[in-house]
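For reference, the chains in residue letters:
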Amino acid sequence: MTNNAASELTLQAVPSWMPAFLVAPMIGGLSLADLIALVVLLLFVLNFVMIEIWMERKVAGHIQLRRGPLHVGPHGSLQSPADVLKLLTKEDLTPVAADPIVFPMAPYLVFVPVFLTFLVIPWGPLVLFGNFVIRPFDLGLVYMVAIPAMQGIGLVMAGWSSGNKYSLLGSARVVAQLISYELPMVIALLGVAMMAESLNLTTIVESQMKQGWNVFLQPIGFLVFFLATMSEMSRAPFDIAVAESEIVGGPFVEYSGMRWGMFYLAEFAAVCLNSALSTALFLGGWELFPGSRALGLGWISDQFGLLFFMGKMIVLVLIIQWARFALPRLRIDQLMDFAWKFLLPAGFVNFILTAILQVFGFVPFAIGIGLTLAFAAVLLATYQARRSPSTVALIRTAAAAAVPTSQGVGLPV
Amino acid sequence: MAIATSIDMLREPVPSVAEERNLETVEMTINMGPQHPSTHGVFRMVLTLEGERVKNVQSHIGYLHRGAEKLGESGDLEGYRKAMITLDRTDYLSSLLNEHAYVMAVEKLAGISVPERAEYIRVILGEITRINSHCMFYGAFGADAGATTPYMYAFALREEIQQLFEAVGGARMFPNYYRAGGLREDVPQDFVRRVQAIVDRALYAFDDFDNLITANEIFLSRTRGLGILDQTRALDLGVSGPLLRATGLPYDVRRSEPYSIYDRFAFDVPIGTTGDCYERYLIRLEEMRQSIRIIEQALKDLPAGPTMGNAPKALRPPKGEAYVRIENSRGDFGVYLVSDGKSSAPYRVKYRSPCFVNLQSLNDMVIGTYIADAVVALGSIDIVLGEVDR
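For clarity, every value in this text was computed on a predicted model and none was experimentally measured.

**Quick notes on the environment of Met313(A)**
Residue and element names in this part refer to chain A.
And then number 1: With respect to the helices and strands, the residue Met313 is situated in helix H14 (residues 298-326).
And then number 2: On the basis of neighbour count, Met313 is assigned to the buried category, with 24 C-beta atoms found within 10 Å.
And then number 3: For the pair formed by Met313 and Leu273, sequence separation is 40 residues and the distance between their alpha carbons is 8.9 Å.
And then number 4: Other than its neighbours up to four places away in sequence, Met313 contacts Ser275, Ala276 and Thr279.

**Some remarks on the nonpolar core**
And then number 1: Among the nonpolar cores identified, the biggest contains 222 residues, and Ala269(A), Cys272(A) and Val106(B) are the most heavily contacted of them.
And then number 2: Non-local contacts of Val106(B), meaning those with residues more than four positions away in its chain, are made with Tyr80(B), Ala180(B), Leu315(B) and Leu337(B).

**Here we look at the domain arrangement of chain A**
How big an interface is tends to be stated in terms of the accessible area lost upon association of its parts.
All names here are of chain A.
And then number 1: Segmentation of chain A into domains returns domain 1 (28-89) and domain 2 (90-358).
And then number 2: Domain 1 puts 19 residues into the contact, and the matching count from domain 2 is 18 residues.
And then number 3: Contributing elements (two or more residues each) for the side of domain 1 that touches domain 2: helix H3 (32-63) and helix H4 (79-89).
And then number 4: It is H3 that provides the largest number of residues to the side of domain 1 that touches domain 2, a total of 13 residues.
And then number 5: Split into classes, the residues belonging to the side of domain 1 that touches domain 2 amount to 14 nonpolar, two polar and three charged.

**Section: the sheet that holds strand E3 (residues 53-60) of chain B**
Within a sheet, each strand pairs with its neighbour through backbone hydrogen bonds, oriented either parallel or antiparallel.
Residue and element names in this part refer to chain B.
And then number 1: Ordered by their spatial adjacency, three strands build an open sheet running E1-E2-E3, and the pairing between neighbours is antiparallel. Two strands lie at the open edges of the sheet, namely strand E1 (28-32) and E3, each paired on one side alone. Between one strand and the next, the sheet's axes are offset by a mean angle of 25°, whatever the strand orientation.

**Section: the packing of H3(A) against helix H13 (residues 257-282) of chain A**
Residues and elements named next belong to chain A.
And then number 1: Relative to each other, H3 and H13 sit at 90°, their axes nearing to 9 Å. Regarding the angle of H3 to H13, the classification is roughly perpendicular. Between H3 and H13, the contacting residues are Val45, Phe48, Val49, Glu52 and Ile53 on the first element and Leu265, Phe268, Ala269, Val271 and Cys272 on the second.
And then number 2: Its residues assigned to classes, the contact of H3 with H13 shows nine nonpolar, no polar and one charged.

Rules used in this analysis
Throughout, a residue's number is its position along its own chain's written sequence, starting from 1. Lettering for chains starts from A, numbering for ligands starts from 1, and both go in the order in which the items are written. Per-residue local features are limited, in this predicted model, to residues with pLDDT of at least 70; the limit for side-chain atom pairs, both in listing and counting, is 80 or more; totals at the level of whole chains, interfaces and linings are taken over all residues. Helix numbering and strand numbering both begin at the N terminus, where a helix is a DSSP run of H or I of at least 4 residues and a strand a DSSP run of E of at least 2. Three exposure classes are used. Buried residues have 20 or more other C-beta atoms within 10 Å of their own C-beta, exposed residues have 12 or fewer, and partly exposed residues fall in between, all C-beta atoms being placed from the backbone. Here, residue contact means that the backbone-derived C-beta atoms of the two residues sit within 7 Å. In this description, a nonpolar core means buried residues of the types Ala, Val, Leu, Ile, Met, Phe, Trp, Tyr and Cys, linked to one another by C-beta atoms lying within 7 Å. What marks off one domain from the next here is an automatic or database domain assignment. Amino acids outside the nonpolar list (Ala, Val, Leu, Ile, Met, Phe, Trp, Tyr, Cys, Pro) and the charged list (Asp, Glu, Lys, Arg) are all regarded as polar, and Gly is one of them. Being paired, for any two strands, means DSSP has found at least two bridges between them. Interaxial angles span 0 to 180 degrees and are taken between N-to-C directions of axes, which are lines fitted to C-alpha atoms, for helices over the stretch in contact. The labels follow the angle: roughly parallel below 35 degrees, roughly antiparallel above 145, roughly perpendicular from 65 to 115, and oblique for the rest.

Written out as structure tokens, the structure reads:
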């Protein structure tokens, strides 16, 4: 693998890390190399999900004054495989009220779109292997928005076919949530596309290496995208679709065994996916640190980029997990308000600012960012001022304040 | 539906699919409980929904009815002690507070005096029980609002408190420790040290509680202005405890009608202004701090001496009745006892359960809100089904 591999593979159709003799045989448009790549990807996703579940339980434990899993394997690291084995041996129940065809189908329709989206992620290069990307489509950005949206269909099918009112409510919430948050997400991505002048994810990463990471040039866009994807995958604090304390798990109430496991798998795969997408689109993909190329350190990223990509991805995964255990859940109307009244306008601001940057250059853009931040600060300050810290008026001279029962406030028995 | 071919067609009202096909609209009812993660035990409410909005709520209780009062009347061998065993199990979160009310009623009925040391220990343990119960509220309320972490923080403190109960009374949840005329036995040697440790730990824990969710923006938006109960309505319903104090009335039995030795301690009665869920939450947090104040004063003055007066083991009080009320962690808890003067067991036992009365305010709080709000509003009432159903 040479140093310039990254820039060469923009339009490449098959994985670069595959030997040539595997590329030749084609079966219905798929080469052997494609199939192998898919299997490798699937194995990666499944294993990463297991690690992620363990991570999440450890994060939860340490946030909640506990230790998390501890007994199966060193530091409980084999807890997830044990859980998977347990799920595999459990019976897949189908309730009497459930639809016999749609009900078993739904879990796969939820997982498959998430998995398919992994195809376009530019994982970055690694020594001896070359650049890990399975399909560097020119329409990668459109693909990564369109395919995960299919998840909603699977969730609606799950909710409706379960024959349970909690499930139905949950799936209604899922639809509302997906439609609302798709919009700000796409608007945020417009800025990314404008910066790179491309919809190809590999090109987007490379353009960030030239002009700086998008997280600095598109801070608002990053915020909007990250929050919108968190809501898209129904993670806390946006987890109204599965709200345990209200609708007991939403569309998944009636599922058991590995079918339920598929939903779980899809959820955690989506966390991994969205962290990977955020890394590729905003955090400079596989680059070690911003501007490393200018310092002549570009070769580090070209050789070990995959590791840096994974590192950034895991940091984002940890942030998502942290939010889950630190925050209460939003109510459905607040969730909608947040999407339509905050994220969407913020996305448009980002869009306009990016247009200014591309047409008028950096100085007006910087002024625009400054104005936006100042505006946000003023809004926040007014809001904080309106919100008094405590509403409880404490009665310090308690002896005088207490109401004697004889005053007619008396007690019904 | 036809495709609009002219402007005029667009102006005509378009029939909805339901109207076109003569479909009937049915109200959706959803059954929450008795097995539901946030109905706090085996409470069941049937919500009539309009989308996500709650149009009506019908509550069903009685799943945990165990005849606690009637069982207390049948203590042939155990006499007046038997009611306490079942009383512990009604409100299992404020068992020692309720025991206090019961023994006071028996003492009033039989005219028994209590040694000073026993009174102080009762107050200390009672206030620790209050903290224990409010911790449970804190955890459950956080979980109702969708935060899982508060539970763990609250239970870390609860664990230490229950270890103290085990050391003192031999059981974590149902100590059955008070007796008419004093205590079953004296507290362990290291009681003061252990209580002091809990006090130190608790003050630290309360700050953690506050840092976790009190000022959290999502938590505020979920609880503020929700489930407002005004003072007149609260009094009409007979609501007491933090619910009533949140409406702005400083009514606390410990102050309004001081019992035991509560008139010797300085503490404040926190009150709210609007009576929403958030104020109920704040009031309970502040009450925990006030309980600490009481405990600290009681610890300082804790006298030495006997913990049991000269009460006979088998009580046979003269004919008569006694009603005693205390402020337990949920409100005004009352015990009514009747003795027929002949038998060694009470003729009639009746508990005035604050949970049961407070629960009646549920409809006022829930109707017109969202499903998610119904859960939070129910959590803010802080019911214990054992006491509601008795």
